[in-house]
Amino acid sequence: MVGYAFMGAAHSQAWRTVNRVYDLPARARMALICGRDAGKVADAADRLGWEAYTTDWRDLIASDDIDVVDICTPGDSHAEIAIAALAAGKHVLCEKPLANTVAEARSMAAAAATAQAAGVRSMCGFNYRRVPAVAMMRQLVADGRLGVIRHVRATYLQDWIVDPQFPLVWRLQRDRAGSGALGDIGAHIIDLTQYVTGRRITGVSAVTETFVRERPLPAGSSGLAATVDGGAANGSAVDGGGADGHHPATGAVTVDDAAVFVARLDGGVLATYEASRFATGRKNALRVEINGSLGTVAFDLERLNELEFYDASRPAAEQGFSRILVTEGEHPYMSAWWPPGHLIGYEHSFTHQMRDFVEAVATGVDPAPSFADGLQVQLVLDAVTRSAELGSSWTEVEPALATVAA
């Protein structure tokens, strides 16, 4: 695995757990973890359960006894690592969004297609697909329980950078992250809604905003926490200057803080999306609602084990939203966990992700979402960015397959 911070810890927990919970055709051995800081990666290896560590990701590529490379780094290194790993015959799991640019994502998808012909598998890590309630939501749509889909409504709201003194961490720099709230959390609701409905976004009209354009340079950071001039920042106030009047150096924020767009999906479905890291009081509030001719289904990440379902085919006197507690053994992924009514959490979505990935690799099946799926999400992100730059003009999403004029 490359990377050991927030996503590295989440993935490590899943790798440690997956074979203890699920009976799989292969067993994952956590052989080698990589990070640039020798001291920090050594500590991470011990803390997260890895056998050894290195400071050069190329060591993973060169190791004959490694079958899988799991990429949990910022987006600016995804393409280089993934393409090299696939060329070396390593199966690859890469965190979302797939890349920072469409060009990088196309290169990664092309490398994955070449590797696929040789039996080498790849997957993009959109973990919310693996929440049992989300998988159940998709099942209800696929079974026709909602009838003709008419509306998609999706929001993903956070507030961890609402303090203007929060430092300029890598997620706020375009060259490292590609985009801001749009790619970080907007990518999740783009993939989730397309997965649940089975439809692709075809066009968008968007607006983005950067509310705080200069921030203190960080003295250190890890995950979503950072420090500046000795002050700690984790979504709370940071000391902007000491008693001696010293103020930290600042740098420009080069990504969006919020993105809002309307969209069309295949078949004329009307959709609205909002992604913000400035929604004060909202910590990790993802919500998706699908309206159809026969009913509605809604999912709220803060009620991760539940769905709201409205069945318009029931007699008028019985209609109303029902709460489905998605903890039964017949619900997706749940048979390996606890008795009905015993809840699971955020980390379980990563365990389910590893379960599907290990099973696919071991049985020679291509896992989903593929790098091609990751490219398609990247194309939507690109369309949103271009629309916002053009004054919210309607912008078609480019096709995943590039065409060449004759």
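Residues numbered from 1 in each chain as written. Predicted model: local features only at pLDDT ≥ 70, side-chain atom pairs only at ≥ 80, totals over all residues. Heavy atoms only, no water.

Engineer: Help me out: how do you make sense of the overall build of the chain in this one?
Structural biologist: For the chain, the count of helices and strands is 10 helices and 19 strands. In summary, the chain has a C-alpha radius of gyration of 22 Å against a globular reference of 22 Å for 406 residues, a match within 12%. In terms of overall dimensions, the chain has a C-alpha envelope of 70 × 60 × 50 Å along the principal axes. Taking as baseline every contact in the chain between residues at least 6 positions apart, the subset at least 24 positions apart corresponds to 70%. (Helix = DSSP H or I, 4+ residues; strand = E, 2+ residues; numbered from the N terminus. Rg over C-alpha atoms; globule rule 2.2 N^0.38 Å. Contact = heavy atoms within 4.5 Å.)

Engineer: Would you take a moment to explain the pattern of salt bridges for this structure?
Structural biologist: A side chain with one charge may pair with a side chain of the opposite charge, provided their charged atoms come close. Taken as a whole and assessed by the stated rule, the structure comprises 26 salt bridges. As a salt-bridge pair, E306 and R303 come within 2.8 Å of each other at their nearest N and O atoms. By relative accessible area, E306 is classed as buried at 16%. Between D356 and R355 there is a salt bridge, with its nearest N and O atoms 2.8 Å apart. Residue classification places D356 among the buried residues on the basis of a relative accessible area of 16%. The partly exposed category is assigned to R355, whose relative accessible area is 23%. Look at the salt bridges and you will find they share partners, linking K96, R171, D184 and R277 into a network. (Salt bridge = Lys/Arg side-chain N within 4 Å of Asp/Glu carboxyl O. Buried < 20%, exposed > 50% of the residue type's maximum accessible area, 1.4 Å probe, protein only.)

Engineer: Looking at this model, I keep getting lost on the environment of D159. Mind explaining?
Structural biologist: For D159, the position within the fold is in the loop between β6 (149-157) and α7 (174-177). The exposure class assigned to D159 is buried, which follows from its relative accessible area of 7%. C-alpha separation for the pair D159 and R36, spaced 123 residues apart in sequence, amounts to 29 Å. If we skip the residues at most four places from it in the chain, D159 touches R277, A279, T280, G281, R282 and K283. For D159, the side chain forms a polar contact with the side chain of K283, separated by 2.9 Å. (Polar contact = N/O pair within 3.5 Å; in protein donor to acceptor, adjacent residues only side chain to side chain.)

Engineer: I would appreciate a short explanation of the sheet that holds strand β5 (residues 122-125) in the present structure.
Structural biologist: What holds strands together in a sheet is hydrogen bonding between their backbones, with the strands either parallel or antiparallel. Strand order in the open sheet formed by 3 strands is β3-β4-β5, with parallel pairing between adjacent strands. Pairing within the sheet leaves two strands with one partner each, and these edge strands are β3 (68-71) and β5. Within the sheet, the average angular offset between the axes of one strand and its neighbour, ignoring direction, is 10°. Its contacts with the sheet place helix α10 (residues 371-389) against β4 (91-95) and β5, and it is angled at close to 40° to β5. (Pairing = 2+ DSSP bridges. Axes fitted to C-alpha atoms, helices over the stretch in contact; angles between N-to-C directions.)

Engineer: Mind showing me how you'd approach the side chain of Q194 here?
Structural biologist: Checked against the element boundaries, Q194 lands in helix α8 (residues 181-197). Residue class for Q194 comes out buried when judged on its relative accessible area of 6%. Within the local environment of Q194, its side chain forms a polar contact with the backbone nitrogen of I201, the two atoms lying 2.8 Å apart. Apart from residues no more than four positions distant in its own chain, Q194 is found in contact with R199, R200, I201, Q376, V377 and V380.

Engineer: Please explain the packing of α8 against α10 as it appears in this structure.
Structural biologist: Working note: a packed helix pair is described by the angle between its axes plus the distance between those axes. Orientation of α8 relative to α10, taken along the N-to-C sense of each, is 120°, at an axis distance of 10 Å. Between α8 and α10, the angle is such that the two are oblique. With respect to the hand of their crossing, α8 and α10 are arranged in right-handed fashion. Side by side, α8 and α10 meet where L182, G183, A187, I190, D191 and Q194 of the first sit next to Q376, V377, V380, L381, V384 and T385 of the second. (Parallel < 35°, antiparallel > 145°, perpendicular 65-115°, else oblique. Left-handed = near helix turned anticlockwise from the far one by under 90°.)

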